[in-house]
Amino acid sequence: GPRIKSKREHSVSWPATLSMSTLTLYRGIYTQEGFQQVYGVPLEPESSSLAGMVKGRLSRCCHCSKEAALHLFRSRLPIASWLPKYQPKKWLLGDLVAGLTVGVVHIPQGMAFALLTSVAPVYGLYTSFFPALLYMLFGTGRHVSTGTFAVVSLMTGSVVERLVPIPQQSNGTGSAEVALLEGQRIEVAASVAFLMGLLMVMMFLLHLGFLSTYLSEPVVKAFTSAAALHVVVSQLQSLLGISLPRPNGYFAIFKTLASVVEALPLTNMAELLISGLCLAVLVPIKEINHRYRSRMWVPIPGEIIMVLLATGICFASSLNTHYNVQIVGHLPAGFPQPQLPALHLLPQVLGDTVALAFVAYAISVSLAMIYAEKYHYVIDPNQELLAHGVSNLVSSLFTCFPSSATLATTNILESTGGHTQLSGLFTSAVVLIVLIWIGPLFHYLPKAVLACINVTSLRQMFLQFRDLPELWRISHMDFVSGHTCEVQ
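Residues numbered from 1 in each chain as written. Predicted model: local features only at pLDDT ≥ 70, side-chain atom pairs only at ≥ 80, totals over all residues. Heavy atoms only, no water.

The name given to the chain in an unreviewed UniProt entry is SLC26A/SulP transporter domain-containing protein, with Naja naja as the source organism. UniProt, in its Subcellular location (unreviewed entry) section for the chain, records the words "Membrane". (UniProt positions renumbered as here; feature names shortened; annotations may be inferred.)

Shown next as structure tokens:
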């Protein structure tokens, strides 16, 4: 083989059966001074004392430079990293269409999930605006849509109902008493959001993002499926037009079913008819959107169509006065004044909020990881804690209830061509327009329509029941844990 002269060479000849070439290795000769000039002076050994070790590590960790500061800034505010690299010709149209579509879906979904939280529908619109805007700044998932989510809303609603229950004799309650009750309820919900955001930020500072790996996929699926069942049962009274207090504690689902069966003679036939017609329209639309999503440019906005039709029919027919149909009522235009949540409630909601924070984070990071793997990019699970923590902290100052990544709108965002977090800006713009100008027009929207939207939005979660046989084969313990969630 070819040979190159050097100060020092070693030749190794391979057997003839393998190769006839010669492998030649070269290595330079260094003096101590020459080696240190090339590779630097070796580090001094760490002190054996605890104080010396801490001092040495702090000096290395706290060493700052312009490059390190810029890297820290971009990692904690990801928009500063991806926005300069944004390609408008390639991505802007997809982000615009996806953002507007998700914004349209957020309007009825936000008001519907506010009912699950046991607060007025307008607070669902607030919770659909702020988190989407804040996640665009701090989130690392390009295809994640944040806002109201059924599971999170249901868990928050159980806390609200426990601390501020509806009075037993609520039929004669005046407008002043109703306003006071709604104010107390949103105080509880906003306090839960504030504490949930605070817990997530603390988890981020402690680098506890890895904890999501300990929530196995079967457990998360079982929990969300059980929560979907709870959501449907909790919406029966709105579908039937009867008013019942929400039971708390263990076996609440069975208590609710028993109360609904007892109150069946009090069913409002007008609201039952509205619910039946609404479900007859929404269920086929959901199936069409799912089966032909690859052929459709945007999904059919069944929810907003039903909201507009039902509002117009109820207004024209005065269903609320002639047939006692429950309607949304007054939706104030604009934004609420920022205010600090009721901090004295934090000790009373701490236990529920810890569980809620883990569930919301597990669902959010799982969704982000699914689409990151599909489109070959990387998310930062610890940064996701900061993103959702800041979203809930800031949103709670504007009387919002807890938020997280949402399953339905995330699927819509991806299927309609969203590419980056910029789609959140267009989503927030749609909700902003509704809050400022269009919101009061939904005064006559029947609550039964919102209940139907809640039920049909859980299609994907109900399909997870098909995985139960496989879950039993994989882990008997996870199977039992999931059914425990259903019973409770």
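That covers the picture; the talk isn't over yet.
Caption draft 1: Molecular detail of the overall build of the chain. Each helix and strand in the chain was counted, giving 22 helices and four strands. By residue count, 47% of the 488 residues in the chain fall in the buried class. Contacts spanning at least 24 positions in sequence make up 82% of the contacts within the chain whose residues lie at least 6 apart. Working note: accessible area of the chain is about 25800 Å², and carbon and sulfur atoms make up 66% of it. (Helix = DSSP H or I, 4+ residues; strand = E, 2+ residues; numbered from the N terminus. Buried < 20%, exposed > 50% of the residue type's maximum accessible area, 1.4 Å probe, protein only. Contact = heavy atoms within 4.5 Å. Areas by Shrake-Rupley, 256 points an atom, 1.4 Å probe, with all protein chains shown as cover.)

Caption draft 2: A look at the UniProt feature "transmembrane region" (unreviewed entry) in the chain. When the UniProt feature table is mapped onto this chain, "transmembrane region" (unreviewed entry) is found at residues 91-107, 113-137, 188-210, 264-285, 297-319, 353-372, 393-413 and 425-445. Secondary structure within residues 113-137 divides into 80% helix and 0% strand; the distance between the first and last C-alpha atoms comes to 25 Å. Span residues 264-285 is 77% helix and 0% strand, its end C-alpha atoms 29 Å apart.

Caption draft 3: The arrangement of helix H7 (residues 150-163) in detail. For H7, which comprises 14 residues, the first-to-last C-alpha distance of 20 Å matches the rise-based estimate of 20 Å (1.5 Å per residue) to within 8%. H7 sits mainly inside the fold: 11 of its 14 residues count as buried. Of all the residues in H7, the buried ones are Ala-150, Val-151, Val-152, Ser-153, Leu-154, Met-155, Thr-156, Gly-157, Val-159, Val-160 and Glu-161. (Expected span 1.5 Å × (residues − 1).)

Caption draft 4: Geometry of the packing of helix H5 (residues 88-116) against helix H6 (residues 122-138). Taken N-terminus to C-terminus, the directions of H5 and H6 make an angle of 125°; their axes are 7 Å apart at the nearest point. Viewed along their axes, H5 and H6 adopt a mutual orientation that is oblique. Note that H5 runs across H6; the crossing there is right-handed. The residues of H6 that touch H5, namely those facing His-106, Ile-107, Gly-110, Met-111 and Ala-114, are Gly-124, Leu-125 and Ser-128. Looking at side-chain class alone, the contact of H5 with H6 contains four nonpolar, four polar and no charged residues. (Axes fitted to C-alpha atoms, helices over the stretch in contact; angles between N-to-C directions. Parallel < 35°, antiparallel > 145°, perpendicular 65-115°, else oblique. Left-handed = near helix turned anticlockwise from the far one by under 90°. Nonpolar A, V, L, I, M, F, W, Y, C, P; charged D, E, K, R; others polar.)

Caption draft 5: Here's a closer look at the confidence of the model for the chain. Mean pLDDT for the chain: 83, with 82% of residues reaching 70 or above. Considering only residues more than four positions removed or in separate chains, one finds that residues 1-19, a stretch of pLDDT under 50, has 27 contacts. (pLDDT = per-residue confidence, 0-100.)

Caption draft 6: Molecular detail of a nonpolar patch on the surface. On the surface, Ile-288, Tyr-292, Ile-300, Ile-305, Leu-309 and Ile-313 cluster together into a nonpolar patch covering about 500 Å² of accessible area. Top element by residues in the nonpolar patch is helix H13 (residues 302-317). It accounts for three residues. Secondary-structure assignment places Leu-309 in helix H13. By relative accessible area, Leu-309 is classed as partly exposed at 48%. (Patch = residues over 30% accessible without salt bridge, like charges linked within 9 Å, V, L, I, M, F, W, Y side chains within 5 Å. Salt bridge = Lys/Arg side-chain N within 4 Å of Asp/Glu carboxyl O.)

Caption draft 7: Summary view of the packing of aromatic side chains. Within the structure shown, the criterion is met by eight aromatic pairs. Between Trp-82 and Tyr-86, the aromatic rings sit 6.5 Å apart at their centres with planes inclined by 55°, giving tilted as the arrangement. The pair Trp-82 / Tyr-86 is uniform in exposure class, with both members buried. Here the aromatic rings of Tyr-86 and Trp-91 are separated by 5.6 Å at their centres, their planes lie at 70°, and the arrangement is edge-to-face. An aromatic cluster of at least three residues, connected via ring pairs, comprises Phe-129, Phe-130, Phe-335 and Phe-398. Over the ring of Tyr-377 we find Arg-142; its NZ or CZ atom is 4.3 Å from the centre of that ring. (Phe/Tyr/Trp six-rings, centres within 6.5 Å; stacked < 30°, edge-to-face > 60°. Lys NZ or Arg CZ within 6 Å of the ring centre and 35° of its normal.)

Caption draft 8: Representation of unusual backbone geometry within the structure. Residue Ser-318 is not a glycine yet carries a positive backbone phi of 50°. Look at Asn-324: it is not a glycine, yet its phi comes out positive at around 55°. Along the chain, Asn-324 turns up in the loop between helix H14 (319-322) and helix H15 (346-374). Residue Asn-324 is classed as exposed on the basis of its relative accessible area, which comes to 59%.

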